[in-house]
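Tertiary structure, described
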Amino acid sequence: MGTMSTPTAETTPPAPDPVLTSIVPVPAALAARPGEAFRLEPDARLVVADDRADVAVVVANFAAWLRVATGFALTVTGEPPADGDVVVDLDDDGGMGPEDYTLHVDARRIVVAASTAEGVFRGLTTLRLMLPPGAEAASGLPGPWTVPGVDISDGPRFAYRGTMLDVARHFFPVESVLRYIDLVSLYKVNHLHLHLSDDQGWRLMVPARPLLTEVGAPNDVEGGPGGFYSSADYARIVGYASDRFVEIVPEFDSPGHSTAALRAYPELSCDGVAPPLYDHTGISEVSMCADRETTYDLLGDVYDAAAAVPGELIHIGGDEAMGTAHDDFLTFVRRAAAVVTSRGRRVMAWHEAAAAGLPAGSVVQYWGVGQPEAVELAQRAVADGATLVLSPGDHAYLDQKYDESSPYGLVWAGPVSVRDSYDWDPATMIDGVSESAIDGVESALWSETVSTDAAVDYMAFPRLVGIAEIGWSPADARSWDGYRQRIAAQAARWDVLGVSYFHAPEIPWPPA
Ligand code: TNX
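Basis of the calculations
Within each chain, residues carry numbers counting from 1 in the order of the written sequence. Only residues with pLDDT of at least 70 get local features here, since the model is predicted, and only at 80 or more are side-chain atom pairs given and counted; chain-wide, interface and lining totals rely on the full set of residues. Side-chain figures throughout are based on the complete set of non-hydrogen atoms in the structure, without hydrogens or water. Think of it this way: any DSSP run of H or I at least four residues long counts as a helix, any run of E at least two long counts as a strand, and we number them from the N terminus. Exposed residues in this analysis have more than 50% of their type's maximum accessible area, buried residues have under 20%, and partly exposed residues fall in between, with area computed by a 1.4 Å probe over protein chains only. Distance and chemistry together define a polar contact, namely a pair of N or O atoms within 3.5 Å, with one atom able to donate a hydrogen and the other to accept it when in protein, and with adjacent residues in sequence counting only for side-chain atoms on both sides. Lines fitted to C-alpha atoms define the axes here, with helix axes fitted over just the stretch in contact, and angles between the N-to-C directions of these axes take values from 0 to 180 degrees. In these notes the angle categories are as follows: under 35 degrees is roughly parallel, over 145 is roughly antiparallel, 65 to 115 is roughly perpendicular, and the rest is oblique. Crossings are sorted by hand: turned counterclockwise from the far helix by less than a right angle, the near helix makes the crossing left-handed, and turned clockwise it makes it right-handed. Residues count as neighbours in contact if any of their non-hydrogen atoms are within 4.5 Å of one another. Ten residues, namely Ala, Val, Leu, Ile, Met, Phe, Trp, Tyr, Cys and Pro, are considered nonpolar, four, namely Asp, Glu, Lys and Arg, are considered charged, and the remaining ones, Gly among them, are considered polar. Pairs of strands are assigned from DSSP output, requiring at least two bridges between the strands. Domain borders in the structure are assigned automatically or taken from a domain database. Simply put, the buried area is the total loss of 1.4 Å probe accessible area from both parts when two parts are fitted together. Salt bridges are counted wherever a side-chain nitrogen of Lys or Arg sits within 4 Å of a carboxyl oxygen of Asp or Glu.

Below, the discussion takes up the environment of serine 434. Counting through the fold element by element, serine 434 comes out in the loop between helix 11 (418-422) and strand 19 (438-445). Overall, the relative accessible area of 41% leaves serine 434 in the partly exposed class. Between the alpha carbons of serine 434 and valine 382 there is a distance of 9.8 Å; along the sequence they are 52 residues apart.

This is how it looks when you write it as structure tokens:
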């Protein structure tokens, strides 16, 4: 969190007050103000002195959310604050990073201060977690709506805190994705990587290549109906995410994992023959053809569809290219990367692609479990000027079973218990790669074995929250014991939100 200063707060990891265990990721600095709880009354207002449209949207969204359960008017005003108001202060005196914020709560007022709309959003998200879980209810409740007294000074350790959802093996409709964005943004996740294509399906409409979805979408990993996002659907997902300061990272896996695309456009493969339907688990050995212009023309159309909406990164895949000769793989990755950069986007890729030497400014996603080849590729990427996002399979893979009782999941990198997902540190993961070369972390939910929101919830919660805390909180503010308490404190909120989390035996859940 850069140069931000710590005002009166003392670092207190983990939070001593049981009420304050409601904040996860644990804030960088937090001091309780015992006996100074704030009680939100029906006439409370949200006061925003600064006239800034982006901040106004954030505050309006927060007010709209809080009106539902409280039934209060929660007027948003630019008038001077009175006792009982919630004040949003755009503090532009420098020193605060874009996501940094402070939150002050005492019996008279609540003040959220930040230098950007994004910082205000992070601060209001913390306030949301400090309100009683009933504040998440979809209809009015009696309250009382109290917030414990506190001084918080907070900001992220890493700029990139992601999670990946595989919508290719099983398709998830727009509403499921929006729901997931809501849930993950509650834990300050700021990137949602969508795995939009694989052997089993192609999920984004590409206007210039209609067969990708006509032929490639109506299928999934078990021969189900599949589905896809229209351009309007995709724009809606990106806009909804952006309102919650989540960036969508679109992935089109290549040159392998591409049966759905090759069936739609057989000229993508070197032999020009459409491969058979791939409606089962596993990895195909098909490949896009590395030395044909048709391949890069098609990728240009695909990346154009992704770049029709705001965003920074396009993920080219690059993992497990079983059917591509090594030299062809290197050629392919270099050319695909150049097509991405020609569209004004930065390249993201799985670590195998680092063998090709990616353009400086690329982001390489490490998904290894410590194999020397994987570690070397991550080191190579950094030497070439890339930064890393860490998704170590044995810690960050949400598709791995928790233990033998898990009804869903694979086991190749696991089992991954809640503690396994939490007990690691990015700065010591890859020999010779220090924190400055690491953008952050990303949990990953592959969907070979999950097809419903309930199954997604079960695999993601609580492990996703642990990875989010690793990305946000300073290493010395984290501890397994504190984290167990914080997760236990989320149970009541998840119950109200309808999150079907796994009742892991490692967590001291409150009595039912
Ligand atoms: C490996 S991780 C894959 C995916 C699978 C996953 C299952 C990666 C880049 N590739 O295609 O879904 O394992 O755990």
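We now examine the side chain of serine 176. Tracing the backbone shows serine 176 in helix 3 (residues 174-185). A distance of 2.7 Å separates polar atoms of two side chains, one belonging to serine 176 and the other to aspartate 453.

Glancing now at the packing of helix 13 (residues 463-472) against helix 14 (residues 480-497). When two helices pack together, you describe them by how their axes are tilted relative to each other and by the distance separating the axes. Where helix 13 meets helix 14, the closest approach of the two axes is 11 Å, and the angle between their N-to-C directions is 125°. Considering the angle they form, helix 13 stands oblique to helix 14. Between helix 13 and helix 14 lies a crossing of right-handed hand. Contacts between helix 13 and helix 14 involve Val465, Gly466 and Glu469 from the first element and Tyr483, Arg486, Ile487 and Trp494 from the second. Counted by class, the contact of helix 13 with helix 14 contains four nonpolar, one polar and two charged residues.

Next up on the list: the sheet that holds strand 11 (residues 191-195). Whether parallel or antiparallel, the strands of a sheet pair through hydrogen bonds between backbone atoms. Reading around the barrel, the eight strands line up as 10-11-14-15-16-17-18-19 and close back on themselves, with parallel pairing between neighbours. Adjacent strand axes in the sheet meet at a mean angle of 25°, parallel and antiparallel pairs treated alike. Pairing of strand 10 (residues 160-166) with strand 19, which is carried by six bridges, proceeds in the parallel orientation. Directly across from methionine 164, in strand 19, lies its bridge partner alanine 444. Along the sheet face, helix 7 (residues 293-306) touches strand 14 (247-254) and strand 15 (313-317) and points at about 165° away from the line of strand 14.

Attention now goes to the domain arrangement of the protein chain. Many authors give the size of an interface as the accessible area that is lost as the parts come together. When the domains of the protein chain are assigned, the result is domain 1 (29-154) and domain 2 (160-497). Here domain 1 and domain 2 have C-alpha centroids that lie 34 Å from each other. Each partner contributes residues to the interface: domain 1 has 18 residues there, and domain 2 has 16 residues. Here domain 1 packs against domain 2, burying approximately 1,500 Å² in sum over the two surfaces, 60% of which is carbon and sulfur. Across the contact surface, domain 1 and domain 2 share two salt bridges. Two residues, arginine 493 and glutamate 136, come together in a salt bridge whose shortest N-O distance is 2.6 Å. Taken together, the connections running from domain 1 to domain 2 amount to eight residue pairs in polar contact (both at pLDDT 80 or more). When contributions to the side of domain 1 that touches domain 2 are tallied by element, the ones reaching two or more residues are helix 1 (53-70) and helix 2 (117-130). If you tally residues by element for the side of domain 1 that touches domain 2, the top one is helix 2, at eight residues. Of the residues that constitute the side of domain 1 that touches domain 2, the class distribution is nine nonpolar, three polar and six charged.

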